[in-house]
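Okay, here's what each chain looks like letter by letter:
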Amino acid sequence: MKKDTFLERPHGHSGVHEGYKYTFISLILAILFIIGSMIAMNYILKLRETKLLTQRGGIKVESPVREWEGRENSEEGVGDHINDKKNPLSMKQIEEAVKSWNNRIGVILHEQVAGQISMEEAIENGKKWLYEMEIVGAKEGVSFGVSAKLGVGRQKEDTGEREAYFSFWTVTYSNQSMNAVLYLNAVTGNVWGAEIKQYEEQSKESSDDGLQRFVKLAGLQAADDVPSIIDSKETESTITIKGSQLYAQEWSYAMAIQFENGYEYIAYQLLVK
């Protein structure tokens, strides 16, 4: 009798252990099932997303500017005050673009739209401008570091979708002797603003001549009046643009840094009265 009792005890403990084992296995299987279900669900959602994108051609991001339809649709013609024969904008449109850009509180980057120049064209136009303004010599052109971005000025109040001529290419050129940031209108391709630091002393034309060339290269024509110049530690020169509310400004100063090479800063911009 004792022998039988003794033999029955291991059988009881084995049942308990077997129960624990089955419970543990059940938990593992449940966890694996949950993980597998999550993976399968994510995979199904990815497949659906891919299918929708394929069917719809991808997600279209609204551009802040509309395509440029050309000069022929302009309400106002281009007068003879425009020097550049290829300038597609009226003076009124130029004034609107300049005012909007100067009043920006930020920049909304976007892709190029029809009627705007490409990044390559903007970079080449900027290089040509630097040479013609005699900011750099021909030998310096091969060593430029260049970056470019296209955007429209963010305004305090939402103005909705705007015309393509409100956009500007911001192109930066740099080498050992200078750093230049140029603002090119995305439709005309002309430089309407520039900020330049020159670290090496170079022979330059007078300030008046530089401003006159800036106006000409902007595709505009200066009025007959002589530029007004304010001389102090900083030099400021302005000239009005013929047949418009625009005027051009040049602002410059020299900075000497102890134990380091100084630099000369010069800025050009168009402004609306």
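Preceding block: the structure.
This one's a predicted model, so the numbers in the text were calculated from it and none came from an experiment.

What counts and what doesn't
- Starting from 1, residues in each chain are numbered consecutively following that chain's sequence as written.
- For a predicted model such as this one, the threshold for reporting local features is a pLDDT of at least 70, and the threshold for listing and counting side-chain atom pairs is 80 or more; totals across whole chains, interfaces and linings nevertheless cover every residue.
- The side-chain figures draw on all heavy atoms in the structure; neither hydrogens nor water molecules are used.
- Buried Ala, Val, Leu, Ile, Met, Phe, Trp, Tyr and Cys residues that are joined via side-chain atoms within 4.5 Å together make up what is termed a nonpolar core.
- Three exposure classes are used, based on accessible area relative to the maximum for each residue type with a 1.4 Å probe and protein chains only: buried under 20%, partly exposed in between, and exposed over 50%.
- Secondary structure follows DSSP: runs of H or I at least 4 residues long count as helices, runs of E at least 2 residues long count as strands, and numbering of each begins at the N terminus.
- Note on contacts: a residue pair qualifies if any of its non-hydrogen atoms lie within 4.5 Å across the two residues.
- Note on aromatic pairs: the rings of Phe, Tyr and Trp (six-membered ring only in Trp) are paired at centre separations within 6.5 Å, and the planes decide the class, stacked below 30 degrees, edge-to-face beyond 60, tilted for the rest.
- Whether a charge sits over a ring comes down to the Lys NZ or Arg CZ being within 6 Å of the ring centre and within 35 degrees of the ring normal.
- Any helix carries an expected span of 1.5 Å times its number of residues minus one.
- Following DSSP output, two strands are said to pair if at least two bridges run between them.
- The arc refers to the directions leading from the helix axis to the C-beta atoms.

What follows covers the nonpolar core. Formed by 52 residues in total, the largest nonpolar core has its most connected members in Trp129, Leu130, Leu182, Trp192, Phe214, Leu220 and Tyr268. At six residues, strand 4 (residues 178–185) tops the list of elements feeding residues into this core. Setting aside chain neighbours within four positions, we find tryptophan 192 in contact with Leu89, Ile94, Ala97, Val98, Phe168, Tyr183, Asn185, Phe214, Ala218, Gln269 and Leu270.

Enumeration according to the criterion identifies 12 aromatic pairs in this entry. Ring centres of tyrosine 165 and phenylalanine 166 lie 4.9 Å apart, and the angle between their planes is 25°; on these two criteria the pair is classed as stacked. Neither residue differs from the other here; tyrosine 165 and phenylalanine 166 are each classed as buried. Grouped by ring-pair contacts, the aromatic residues Trp101, Phe168, Tyr183 and Trp192 constitute a single cluster. Here arginine 104 stacks its cationic end above the ring of tyrosine 183, 5.6 Å away from the centre of that ring. Taking the ring centre of tyrosine 263 as reference, the NZ or CZ of lysine 197 above it sits at 4.7 Å.

All right, on to helix 2 (residues 91–102) then. The first and last C-alpha atoms of helix 2 sit 16 Å apart over 12 residues, in line with the 16 Å expected at 1.5 Å per residue. All of the buried residues in helix 2 are Met91, Gln93, Ile94, Glu95, Ala97, Val98, Ser100 and Trp101.

On to the pairing of strand 9 (residues 263–272). Most of strand 9 sits out of view: seven of its 10 residues are buried. The sheet contact formed by strand 5 (residues 191–198) and strand 9 spans six bridges and is antiparallel. Across the sheet, residue glutamate 195 finds its bridge partner in strand 9, namely alanine 267. Bridge analysis of strand 8 (residues 246–255) against strand 9 gives 10 bridges, and the strand direction is antiparallel. The residue bridging glutamine 249 from the neighbouring strand is glutamine 269, located in strand 9.

This part takes up the side chain of glutamine 116. For glutamine 116, the position within the fold is in the loop between strand 1 (106–109) and helix 3 (119–132). In contact with glutamine 116, other than residues within four places in its own chain, are Val65, His110, Glu111, Leu150, Ala164, Ser167, Ala186 and Val187.

Our next topic: helix 3. End to end, helix 3 covers 20 Å across 14 residues, agreeing with the expected 20 Å (1.5 Å per residue, within 8%). All buried positions along helix 3 are accounted for by Ala122, Ile123, Gly126, Lys127, Trp129 and Leu130. What you see down the axis of helix 3 is that its buried residues fit within an arc of 160°, all on one side. Residues of helix 3 that are exposed and angled more than 90 degrees away from the buried face: Glu120 and Lys128. Glutamate 134 sits one or two residues past helix 3 and shows a positive phi near 60°.

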